[in-house]
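Chain by chain, the residues run as shown.
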Amino acid sequence: MPTFSNPVLPGSRPDPSICRVGADYYLVTSSFAYFPGLHVHHSRDLVDWTPLGHVVDRPSQVSLTGLEVSDGLWAATIRHHEGTFYVVVTLARGRRGSTTYLFTAADPAGPWSDPVALDAEGIDPSLFFDDDGRCWFTACRDAAEPEVTGPGELWMRELDLHKQELTGPTYALWYGAVRGAWVEAPHLYKRDGVYHLIAAEGGTEHHHAVTAARAESVTGPYTTDPRSPLLTHRHRGAAEPVHNVGHADLVDTPAGETWAVVLGTRPTDGTHTLGREVFLVPVEWTDRGPVFAPETGRVGLSERLPAGVAAPPAQDGRPVRDEFTGPALGPEWTGLRGPLDDLVSPLPKEGGLSLRLSPEPLTSTGTPAFVARPQRHLRMRAAARVRLTAPEPGQEAGLVVFQNDRRHATLALTVGSDGTRQVVLTAVEAGNSTRLGAVPVTGTEVVLAVDSDETAYSFHVEDGARSTTVGSIERPFFSTERAGGFVGVHLGLYGTSGTGEGEAHVRWFEYVPGRD
């Protein structure tokens, strides 16, 4: 039987939501404080996904300034109804929901509208279009009586599509299946006249799980599915390759199958660096409700192909080499908190990328001169050819392995006070910098590289014909378990200027997956 490899969207792309229009599938994921935000992907087979664009690509839509990396845009839902795409999302500040936004578009590639702020509290908003054309908004929030019901509450109001505002009474739907666990990520589906409420419980770490309730009316009352949890890996041992499974969204295929996208992680020796990734799981409908992964009851690294997909697609084993010859950065590249037009720009005539050095450091909550893309493989090599021009002491540019603003490592071409050049490896932990190694170089242009595997990230410089290892950092240093938060490692390019002005030229960037 032909199979595909999970995850179908590797690297830090959590909280997947999916919809189908005809033969096309569209998926949106959380982006936190990265900008452009809310990545939209497209597929024709549910397995091979192509980045399409972003919902938030203008600073006038949402301000992310001042936010920590793991705040920002959380857990969006994408839906399509009568020619219009809808995305609802929470803007989080201080790890709590702040504002709920509604975006619309005629084309999922954009442009997306300016947002409408909805009168909604909590996080993880979702939309459900019933057979009568009415639209229902669901989300999760703190329960009014947590000592009685449990800490979380799933709630509902109707969304007036013409006025783009919530209307009518508020309905408390459900408090979850597990006593004392927070319930979140609600999505509604209707099957044979029954409303199925799919949710997540147990947090986003080891105890993450998919749970469910059902009702005869859209507004309830909802009764817990006694089979809950319907999907979890919290009972499996450390040798299980996929952990933290949850946050499911379902989609029906033209062939009549149902599949779920869920998030999960792939830890090594108890820690993971790639973040929460998108996995694809078959779903079978029964009289009792949905059955996830009916043959195995688990999310595997290999799964049968959806019906109608004739052969395994290429998926994600291909190397990437970007010489920045287009008029704009590709959709996989993002910065932090705001647009980079004044700091980072491709040079289509001569090739390469211009980085105008900024005094904004990577440790700030502003917009530094920084672009990155998620690391997608445990074993990989990333490299860039970098030239530093008009240099002054204190200026630097190079590669960064970025977990968050308070935990990352830089491999930078720098200039000393005496004008000599060197490549310096620096680790930042809890906002404090430690120099781990330095190698003098003679040229103004060098190749900077980082290799990663199960044990460490190793940093190298090529200066002409000479290749030198500058140092290494243990892999768990960059893990979510050490750093906290909700993101995985991003690999990027950056430049800082101190107090002066300067520019770096990146001729190319390449990413080469290793063999797992």
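Going by the structure above, here's the rest.
Here we summarise the structure given alongside this text. Everything numeric in this text was worked out from a predicted model, so none of it was measured.

### Overview of the layout of surface pockets
- What the largest pocket holds in volume is close to 580 Å³.
- In this structure, the largest pocket is lined by 21 residues; those nearest its centre are R79, L188, Y189, L250 and D252.
- If you list the elements that add at least two residues to the lining of the largest pocket, you get β2 (17-21), β7 (72-81), β11 (123-129), β15 (183-191) and β20 (243-252).
- Class assignment of the residues belonging to the lining of the largest pocket gives a composition of 10 nonpolar, 3 polar and 8 charged.

### Some words on the side chain of E184
- Mapped onto the elements of the fold, E184 is located in strand β15.
- Buried charge without a salt bridge: E184, with R276 as the nearest opposite-charge side chain at an N-O distance of 7.0 Å.
- In terms of polar contacts, E184 uses its side chain to reach the side chain of W182, at 3.3 Å.

### Re the pairing of strand β8 (residues 84-93)
- The buried count for β8 comes to 8 of 10 residues, which makes it a mostly enclosed element.
- Between β7 and β8, which pair antiparallel one after the other, the connecting turn spans 2 residues, and E82 there sits at a positive phi close to 50°.
- In this sheet, strand β9 (residues 96-105) lies alongside β8 in antiparallel orientation, the contact comprising 9 bridges. Looking at the pairing, V87 lines up with F103 of β9.
- Where β8 folds back on β9, the antiparallel hairpin that results is connected by 2 residues, among which G94 adopts a positive phi of roughly 60°.

### Thoughts on the sheet that holds β2
- Spatially, β2-β3-β5-β6 is the arrangement adopted by the 4 strands of the open sheet, whose pairing is antiparallel. The open sheet has two edge strands, β2 and β6 (50-56), and neither has a second partner. Between one strand axis and the next, the sheet turns by 25° as a mean value, whatever way the strands run.
- As paired strands, strand β5 (residues 37-43) and β6 are joined by 5 bridges and run antiparallel to one another. Within β6, the position partnered with V40 by the bridge is G53.

Basis of the calculations
- Residues numbered from 1 in each chain as written.
- Predicted model: local features only at pLDDT ≥ 70, side-chain atom pairs only at ≥ 80, totals over all residues.
- Heavy atoms only, no water.
- 1 Å grid on protein atoms, 1.4 Å probe; cavity = no way out; pocket = protein on both sides within 12 Å on 5 of 7 lines; lining within 4 Å.
- Points joined across faces, edges and corners; volume = space filled by probe spheres on them.
- Helix = DSSP H or I, 4+ residues; strand = E, 2+ residues; numbered from the N terminus.
- Nonpolar A, V, L, I, M, F, W, Y, C, P; charged D, E, K, R; others polar.
- Buried < 20%, exposed > 50% of the residue type's maximum accessible area, 1.4 Å probe, protein only.
- Lys, Arg positive; Asp, Glu negative; His and termini not counted.
- Salt bridge = Lys/Arg side-chain N within 4 Å of Asp/Glu carboxyl O.
- Polar contact = N/O pair within 3.5 Å; in protein donor to acceptor, adjacent residues only side chain to side chain.
- Pairing = 2+ DSSP bridges.
- Axes fitted to C-alpha atoms, helices over the stretch in contact; angles between N-to-C directions.

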